[in-house]
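Residues per chain, in single letters:
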Amino acid sequence: MAANSAVACRRRSFTRCARALSSSACSPTVAVLFQAIDPPVINGVRYQDSGADIAYALRQKGVRVLTPNPSPSDSSHEGWSFPDTEEGIYSAVQQGATHLWANTILFASHPLQMSSKLTPLASDLYVVGQPPGLVENFDDKSFLNNKLRELGGFSLPRAWMVGPDNVRQILNQIDRYPIVGKPVRGRGSHGVRVCQDAAQLEQHAEILLAESPLIMLEEFLAGEEATITVMPPTPSRPDYWCMVPVTRFNHEDGIAPYNGVVAVTTNSRVVSEDEMKDPAYNKVMRQCEGVARLIGATAPIRVDVRRFRVGSEFALFDINMKPNMTGPGRPGRVDQASLTAMAAAAIGWDYGTLLQHILEGGQPLGQFRNYSSPF
């Protein structure tokens, strides 16, 4: 009875605050979630990051942010966000959270999708993040890229899907190098390597197949690399739109290093106004918006693009459902801007303002759960 009474009280509170971001009478109460659950193996692949940065920066902007530790240390990443277990999420809700920031990897059986405790609040509790069904489908690089190839209208490199049963057959078909070998699911540059010849490719494929039953081989794109953040619709801007591209440089063996090893501020910069006169940027930005619109993204996605060769058009080669969202603010984090935060700075948004705009796009839990794939 006590639990039902608590839910009833929370529901009345949510009803008053459901439109928090568009109403001057009520403000959101945010709880950031971190990944405490080991995601399941999906097609043979297994998957606290920026949670403290997000919670700290939102609080600095005057947003009410709940934290499991009432007074977390500014210099620590601990105590700022709730675990994404059913217990952790429900604890945040009971404490008054109206908006759950899903700074975690979601999947079809995740508590945000399945928890019956949250069901009574499905129309009033808001979630910032991608629907679990979207992430589980489209975090698979091969699945999404193949669907885009089938539809047409998107520029993509040649690619091959490889498993233990066809690895020899595919390797014998490839007659042009370099070739990039990478996992079909992954984060950052883990497992990504440019192979210069058949021997290197065979060796790397063997390493990848030891981790996963399915891997991806891809035509190496030799030109400029850039990354483009696509923002989702919000009440103030009701369609998908791209931020300014961020160009990447100082690659290591042809691959941009993972930002956990090399801060992106040291090997990336926003494309200049003069450079933006090149129509190739506008063309690929419209394609990136098209991808986000097609899959129905409800939070930012980041699309990595690269020119086929120097001076050519761009191809889409990696579509990230959960772009890194680290940012400066806390002590010792001055150089930890993410690629998305760098792009936001170019349009006059500091890190906290970027997060406020992302928060504006939060979706009701019921809508979040009812996501339907376009394929």
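Description of the structure in this document. Not measured: the values here are computed from a predicted model.

This part is about the pairing of strand E6 (residues 159-162). Side chains of E6 alternate between two faces, with Trp160 and Val162 buried and Ala159 and Met161 left unburied. Where E6 lies against strand E9 (residues 215-219), four bridges are found, and the strand directions are antiparallel. Bridging from a neighbouring strand, Trp160 pairs with Leu217 of E9.

All right, on to the environment of Asp84 then. Positionally, Asp84 belongs in the loop between strand E3 (82-83) and helix H3 (86-94). Taking relative accessible area as the criterion, Asp84 reaches 0% and is therefore assigned buried. Taking C-alpha positions, Asp84 is 7.5 Å from Thr104, a pair spaced 20 residues apart along the chain.

So, on to the sheet that holds E6. On the basis of which strands lie adjacent, the open sheet formed by four strands has the order E6-E9-E7-E8 and antiparallel pairing. The open sheet has two edge strands, E6 and strand E8 (193-195), and neither has a second partner. Direction aside, neighbouring strands of the sheet carry axes that sit 25° apart on average. Running at roughly 45° to E9, helix H6 (residues 141-151) makes contact with E6, strand E7 (179-183) and E9 of the sheet. Contacting E6, E7, E8 and E9, helix H8 (residues 198-211) runs over the sheet at an angle of about 145° to E8.

For the rest of this paragraph, the subject is the pairing of E7. Where burial is concerned, most of E7 is hidden: five out of the five residues are buried. In E7, alternate side chains face the same way, and those of Ile179, Gly181 and Pro183 on one face and Val180 and Lys182 on the other are all buried. The sheet contact formed by E7 and E9 spans five bridges and is antiparallel. Note on E9: the bridge partner recorded for Val180 is Glu218. Bridge count for E7 against E8 is three bridges, and the pairing is antiparallel. The residue bridging Gly181 from the neighbouring strand is Arg193, located in E8.

As a further point, take the packing of helix H2 (residues 51-60) against helix H11 (residues 351-360). For the pair H2 and H11, interaxial distance at closest approach is 9 Å and the crossing angle is 95°. Of the possible angle classes, the one that applies to H2 and H11 is roughly perpendicular. On H11, the residues that touch Asp53, Ile54, Ala57 and Leu58 of H2 are Tyr351, Gly352, Leu355 and Gln356.

Turning our attention to the environment of Gly296. Structurally, Gly296 is set in the loop between helix H9 (279-295) and strand E14 (301-307). On the basis of relative accessible area, Gly296 is assigned to the partly exposed category, the value being 22%. Once the C-alpha coordinates of Gly296 and Pro374 are considered, the two residues, 78 residues apart in sequence, prove to be 8.2 Å apart.

Once that is clear, we can look at the pattern of salt bridges. Taken as a whole, this structure holds 16 salt bridges when the rule is applied. Residues Arg306 and Glu225 are paired through a salt bridge, measuring 3.5 Å at the closest nitrogen-oxygen approach. Placement of the pair is Arg306 in strand E14 and Glu225 in strand E10 (residues 225-231), with a sequence separation of 81 residues. Note on accessibility: Arg306 and Glu225 belong to one class, buried. The salt bridge partner of Asp278 is Arg307, with a shortest N-O separation of 3.0 Å. With a gap of 29 residues between them, Asp278 in the loop between strand E13 (268-270) and H9 and Arg307 in strand E14 connect regions that are remote in the sequence. Each of Asp53, Arg330 and Arg333 takes part in salt bridges that share partners, so that together they form one network.

Rules used throughout
- Residues numbered from 1 in each chain as written.
- Predicted model: local features only at pLDDT ≥ 70, side-chain atom pairs only at ≥ 80, totals over all residues.
- Heavy atoms only, no water.
- Buried < 20%, exposed > 50% of the residue type's maximum accessible area, 1.4 Å probe, protein only.
- Helix = DSSP H or I, 4+ residues; strand = E, 2+ residues; numbered from the N terminus.
- Pairing = 2+ DSSP bridges.
- Axes fitted to C-alpha atoms, helices over the stretch in contact; angles between N-to-C directions.
- Contact = heavy atoms within 4.5 Å.
- Parallel < 35°, antiparallel > 145°, perpendicular 65-115°, else oblique.
- Salt bridge = Lys/Arg side-chain N within 4 Å of Asp/Glu carboxyl O.

Any functional reading would require information beyond the geometric quantities listed.
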